[in-house]
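Listed below are the residues making up each chain.
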Amino acid sequence: MSIDRVGQALEKVRAVNPLIHNITNVVVTNFTANGLLALGASPVMAYAKQEVADMAKIAGALVLNMGTLDDKVVEAMHIAGKSANEHGVPVLFDPVGAGATAYRTETAQELVKSVAVSIVRGNAAEIANVVGESWEIKGVDAGEGKGDPVSLAKQAAKRLGTIVAITGKEDVITDGERTYVIRNGHPILTKVTGTGCLLTSVMGAFAAVGEDKLFAGAAALVCYGVAAEKAAAKAAGEGPGSFQIQFLNELAAMTVDDVHRQGQLEFLE
Ligand code: ATP
Ligand code: TZP
Ligand code: MG
Ligand code: MG
């Protein structure tokens, strides 16, 4: 059963403790490092153009996150991405705020052209803008675009020739042919900044240890959503501050049994 494979993927992350090289934004750096550690991965943040090629080639996965861009970060992403590609290291891409400004949209579109990305993960508006569709976006948060996330994700995956994950109330991940829908998570995730960014890095940890990158991404989405549900239950009535701490605790404490009990993974034909 698929949910058994999710549990196995979680155990493999913890057994392997993959090194995840993040070129991410200044808002979420600490949360991302702590979330990866809690899960059982090994985070490193490295940005200097002098070292990113060396770091990317020894990593289990490279995560490129556009949250707070500047020229130096963009140059580092291209260098690191090229090195990861040359050494068979999976690259995850989080196009934070694509569509909000021309600079973000252009940077995202150039990156997916010059770097072979294994998984792109964003909200619906970001993914639409990466593939040149307009979809309203306010800052880094999804707007009220109309459309079906499953068909948008499939269309984007085909156009980019990669796996695409669109997250929100429900999550979709597809390679354009095979598609999973994940119905885990909790609305309070939207009240803590960086929960999308950490998710992309967590998908990196699963991609680092899984041959089937589509399933690895789906497994990460299930585990992340289950941890959030458990954390929200424990922090009930207390607000986003308590939830954030409890979420880190649950990324560490979540068991294969929890995944079996609560995982909501559907494969769409
Ligand atoms: P945005 O900026 O639009 O919030 P993001 O990059 O933060 O995007 P999200 O789509 O919020 O990414 O996804 C982060 C996590 O939050 C995912 O696990 C997703 O399933 C979960 N999530 C987001 N919205 C909801 C919701 N309304 N109910 C349940 N889970 C949600
Ligand atoms: N501004 C630039 S990056 C960032 C903000 C608020 C964090 C976005 O994090 P997420 O995970 O997309 O909510
Ligand atoms: Mg969010
Ligand atoms: Mg985001």
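Residues numbered from 1 in each chain as written. Chains lettered and ligands numbered in written order. Predicted model: local features only at pLDDT ≥ 70, side-chain atom pairs only at ≥ 80, totals over all residues. Heavy atoms only, no water.

S.K.: When you look at the site of ligand 2 in this model, what are you seeing that I'm missing?
M.R.: Near ligand 2 lie ten residues; those nearest to it are Gly67, Gly194, Thr195, Gly196 and Cys197. At a separation of 2.9 Å, an oxygen atom of ligand 2 approaches a polar backbone atom of Gly196. Within the backbone of Cys197, a nitrogen or oxygen atom sits 2.8 Å from an oxygen atom of ligand 2. For ligand 2, whose unbound accessible area comes to 370 Å², protein coverage reaches 77%. (Near = heavy atom within 4 Å. Polar contact = N/O pair within 3.5 Å; in protein donor to acceptor, adjacent residues only side chain to side chain. Areas by Shrake-Rupley, 256 points an atom, 1.4 Å probe, with all protein chains shown as cover.)

S.K.: Before we go on, may I ask you to explain the packing of aromatic side chains in this structure?
M.R.: Scanning all chains against the criterion turns up four aromatic pairs. Ring centres of Tyr180 and Phe215 lie 5.8 Å apart, and the angle between their planes is 75°; on these two criteria the pair is classed as edge-to-face. Pair noted here: Tyr180 is in strand 10 (residues 179-182) and Phe215 is in helix 9 (residues 213-234), with a separation of 35 residues, a long-range link. You'll find Tyr180 and Phe215 in the same group, each marked buried. With a centroid separation of 4.9 Å and an interplanar angle of 85°, the aromatic rings of Tyr224 and Phe247 are classed as edge-to-face. In this pair, Tyr224 is assigned in helix 9 and Phe247 in helix 10 (residues 240-253), connecting sequence segments 23 residues apart. For the pair Tyr224 and Phe247, one class covers both residues: buried. Among the aromatic residues, ring-to-ring pairing joins Tyr180, Phe215 and Phe267 into one connected group. Across the ring face of Phe215, the terminal group of Arg5 is positioned such that the distance to the ring centre comes to 3.8 Å. (Phe/Tyr/Trp six-rings, centres within 6.5 Å; stacked < 30°, edge-to-face > 60°. Helix = DSSP H or I, 4+ residues; strand = E, 2+ residues; numbered from the N terminus. Buried < 20%, exposed > 50% of the residue type's maximum accessible area, 1.4 Å probe, protein only. Lys NZ or Arg CZ within 6 Å of the ring centre and 35° of its normal.)

S.K.: Any chance you could explain the pairing of strand 3 (residues 61-65) here in plain terms?
M.R.: Each regular strand shows side chains that alternate between the opposite faces of the sheet. Across the five residues that make up strand 3, a large majority, five, are buried. Burial along strand 3 is two-sided: Ala61, Val63 and Asn65 facing one way and Leu62 and Leu64 facing the other are all buried. Sheet analysis places strand 1 (residues 19-23) next to strand 3, joined by four bridges and oriented parallel. Looking at strand 3, one finds that Ile20 is bridged to Ala61. Note that strand 3 and strand 4 (residues 91-94) share four bridges and pair parallel. By the bridge assignment, Leu64 is partnered in strand 4 with Phe93. The β-α-β motif built from strand 3, the intervening helix 4 (residues 71-86) and the parallel element strand 4 has right-handed crossover chirality. (Pairing = 2+ DSSP bridges. Right-handed = clockwise from strand over helix to strand, strands pointing away.)

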